[in-house]
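Geometric and topological summary
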Amino acid sequence: MRRGCTRCCASIVQGVLIIPSPCGWPMPTCAGAQVDRVITRAHRILLVLPSLDRGGGERVLLQLAESFVAEGREVHVAALLGGGPLRSAVPAAVTLHELIDAVDAPKGLALAWKALPRLASLIRTVKPHAVLSTITGTNLLTVLACMHARMRMRLVLREASSLVNTKSALKRQAMRWLYKRADGLVAVSEGVAQDLHGLGLADDRIHVIRNPVDVERLRQLAIADLPAAVQDKAPYIVSLGRLTEAKDFPTLLQAYAISALRSSHRLVIVGGGEQRASLEDVVRNLGLTDRVVFTGAMDNPYRVLAEADLHVLSSRWEGYPNVLLEALALGVSVVSTDCPHGPREILECGHYGRLSPVGDAAALTGAMDAELAQPSPRGDAVIAAHSPQVIASRYLALLDGGAGVLQS
């Protein structure tokens, strides 16, 4: 028996409501309809990454890939750009597909134009039951590839960035249009979820699932030797992050310059990026040349983090900064700006680490001095809520088609 539904463009077959999913395959749901639920199991999952560079989103999806394999799923990873330092972090049981050689690869729209047909072709070949993508640009491309492939699958997009980072009105409009075609949207924080809601995206499609933190893995990585640049520099405070506008290292340097920490602790900054030269100029102008250490990007920064007396995040905006979780997992005290989004949620309104106004060097100085003098409580309860098993189960519930996915 087949009859139309008066509330949506759908049909009912043997008591089960079927509506077309954004990627073109039947999906059982209908708001308010009294029907049987059908839960599919995504045995074959495709994860889509922009690259295998050192990004937080890439690390999270590779960790999820490992958890999915442990749950008996067949996992494929598609990297738009091949190569990169995280290539060795791809679990052995995962099939890696590198779509474009990073050597002489185009950038921007030219890269998207080249990657789109290759990703669509890969989807047709792999025939995944579910696709999970991360990072805004890659998410948009993945939606288009699913539309082009015309395959039956569930599509879930992970959004990890504040809309402050999306300055292009055209890109925001593309998000409004294309994100509606996904079966589910994962926001890594309540703040990011509010951003997505502000784009006009339906609340029932948005699920807050925070990032996993593998404590045992971090502790093993922290056993590594200290790099030469940091040896004999203790005691020190540290800040991990790309040298970009979002991380606002100039404010951190100014705060350090007026702090008593300038005499007692060095400042170690771990990360690479386009602002390296300008930040070195700031260091010279502040007379901090012998007190500040730039290590550059590191594949394994966790021994440097573990040996620090304090980690400071000075960002202007975030999505859900994993580095705060990693510091707490390694028993390192933290101070963060109260930026959108994530630090206030992670630190529970400043209970597990002091919060400071964005861009206020004097306030950041006070927070750093106070945290070292009287450390906040350990964040063991915070870390427990971010266990890989808990987070992976929530992703799998969404990828499998479960309604009402529990939020973390």
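To continue, consider the overall build of the chain. Of regular secondary structure, the chain possesses 15 helices and 17 strands. Burial status across the chain gives 52% buried among its 408 residues.

This paragraph deals with the nonpolar core. In this structure, Ile123, Leu196 and Val238 are the most contacted members of the largest nonpolar core, which totals 73 residues. The element that contributes the greatest number of residues to this core is helix H2 (residues 108–126), accounting for eight residues. Apart from the residues within four sequence positions on either side, Ile123 is in contact with Leu46, Pro128, Ala145, Cys146, Ala149, Met151 and Met153. In this structure, Val60, Leu61, Ala392 and Leu398 belong to the second largest nonpolar core, which totals 28 residues.

So, on to the pairing of strand S10 (residues 184–187). Residue alternation in S10 divides its side chains into two sets, Gly184 and Val186 and Leu185 and Ala187, and both sets are buried. Inspection of the sheet shows strand S9 (residues 154–159) paired to S10 by four bridges, in the parallel sense. Following the sheet pairing, Leu157 is matched in S10 by Leu185. The parallel pair S9 and S10, bridged by helix H4 (residues 169–178), forms a crossover whose chirality is right-handed. Inspection of the sheet shows S10 paired to strand S11 (residues 206–208) by three bridges, in the parallel sense. Bridge pairing in S11 places Ala187 opposite Val208. On the question of chirality, the crossover connecting S10 to the parallel S11 by way of helix H5 (residues 190–198) is right-handed.

Strand pairing in a sheet takes place through backbone hydrogen bonds and is either antiparallel or parallel in direction. Pairing within the open sheet is parallel, and its six strands lie in the order S14-S13-S12-S15-S16-S17. Each edge of the sheet is formed by a strand with only one pairing partner; in this case those strands are strand S14 (292–296) and strand S17 (354–356). Taking each pair of neighbouring strands and ignoring which way they run, the sheet shows an average axis angle of 20°. Across three bridges, strand S15 (residues 310–313) lies against strand S16 (residues 334–337) in parallel orientation. Residue pairing across strands places Leu313 opposite Ser336, the latter belonging to S16.

Okay, unusual backbone geometry next. Following Ala234, the chain continues to Pro235 via a peptide bond in cis, the omega torsion being -5°. Its place among the elements puts Pro235 in the loop between helix H6 (215–221) and strand S12 (236–240). The omega torsion of the bond from Pro340 to His341 falls at 0°, within 30 degrees of zero and hence cis. Mapped onto the elements, His341 comes out in the loop between S16 and helix H12 (343–346). With a phi close to 65°, Asp232 is a non-glycine residue in the positive phi region.

Our next topic: the sheet that holds S9. Across the sheet, seven strands lie side by side as S7-S6-S5-S8-S9-S10-S11; this open sheet has parallel pairing. Among the strands making up the open sheet, the edge pair consists of strand S7 (95–100) and S11. Neighbour-to-neighbour, the strand axes of the sheet open up by a mean angle of 20°, direction not taken into account. Sheet contacts for helix H1 (residues 56–70): strand S5 (44–49), strand S6 (74–81), strand S8 (130–134) and S9; angle to S5, the most-contacted strand, approximately 170°.

A separate point is the confidence of the model for the chain. In the predicted model, the chain carries a mean pLDDT of 88, and the fraction of residues at 70 or more is 89%. pLDDT under 50 marks residues 1–39. Its contacts with residues more than four places away, or in other chains, come to 71 contacts. The model gives residues 403–408 a pLDDT under 50, and that stretch makes 17 contacts with residues more than four places away or in other chains.

What counts as what
Here the residue numbering is sequential within each chain, running from 1 through the sequence in written order. The model is predicted, so local features are restricted to residues of pLDDT at least 70 and side-chain atom pairs to those at 80 or more, both for listing and for counting; the totals for chains, interfaces and linings are taken over all residues. Based on all heavy atoms of the structure, the side-chain values leave hydrogens and waters out of the count. Secondary structure elements are taken from DSSP: a helix is a run of H or I of four residues or more, a strand is a run of E of two residues or more, and numbering for both begins at the N terminus. Each residue is assigned to one of three classes by its accessible area relative to the maximum for its type, calculated with a 1.4 Å probe on protein chains only: buried under 20%, partly exposed between the two thresholds, exposed over 50%. To form a nonpolar core, buried Ala, Val, Leu, Ile, Met, Phe, Trp, Tyr and Cys residues must be joined to one another through side-chain atoms within 4.5 Å. By the convention used here, residues are in contact when the closest approach between their heavy atoms is within 4.5 Å. What makes two strands pair is DSSP finding at least two bridges between them. By definition, the crossover connecting two strands over a helix is right-handed if that path, from the first strand to the second, turns clockwise as seen with the strands pointing away from the viewer. Comment: axis = line fitted to C-alpha atoms, over the contacting stretch for helices; angle = value between 0 and 180 degrees taken between N-to-C directions. Within a predicted model, pLDDT stands for the predictor's per-residue confidence, ranging from 0 to 100.

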